[in-house]
Amino acid sequence: MPHCHDMKSGEIYVCSDCGLELQVVKECREADTPAESCSCTPCQFVCCGQDLAKKQS
Ligand SMILES: [Zn+2]
């Protein structure tokens with residue numbers, strides 16, 4: 001499951017159902033903060049009812 005703290009600039013996330021691809025242009029500003037103690041949780045990136053998957057380059 002993609003979490004905004006794990007999503008790095010340039011990475012691409014895909015929906016295996018419809019084929020949508022999203023690229024990270026800018027990282028979460030809290031990326032260096034543990035997700036558990038961050039104000040931006042929970043965040044979900046869902047398409048077609050399922051989590052987006054990181055595309056392997
Ligand atoms: Zn989709």
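Residues numbered from 1 in each chain as written. Predicted model: local features only at pLDDT ≥ 70, side-chain atom pairs only at ≥ 80, totals over all residues. Heavy atoms only, no water.

**Quick word on the overall build of the protein chain**
Tallying secondary structure elements over the protein chain gives zero helices and five strands in all. Sequence-ordered secondary structure for the protein chain, helices as α and strands as β, is β-β-β-β-β. Here the contacts in the protein chain between residues at least 6 apart in sequence split such that 57% fall between residues at least 24 apart. Taken as two groups, the 5 positive and 9 negative side-chain charges of the protein chain have centres that lie 6 Å from each other. (Helix = DSSP H or I, 4+ residues; strand = E, 2+ residues; numbered from the N terminus. Contact = heavy atoms within 4.5 Å. Lys, Arg positive; Asp, Glu negative; His and termini not counted. Charge placed at Lys NZ, Arg CZ, Asp CG, Glu CD.)

**Some remarks on the sheet that holds strand 2 (residues 21-23)**
Read across the open sheet, the three strands follow the order 2-1-5; overall the sheet is antiparallel. On the outer flanks of this sheet lie strand 2 and strand 5 (53-54), each paired with one strand and no other. Here strand 1 (residues 12-14) pairs with strand 5 via two bridges, running antiparallel. Paired with Val-14 across the strands is Ala-53, a residue of strand 5. (Pairing = 2+ DSSP bridges.)

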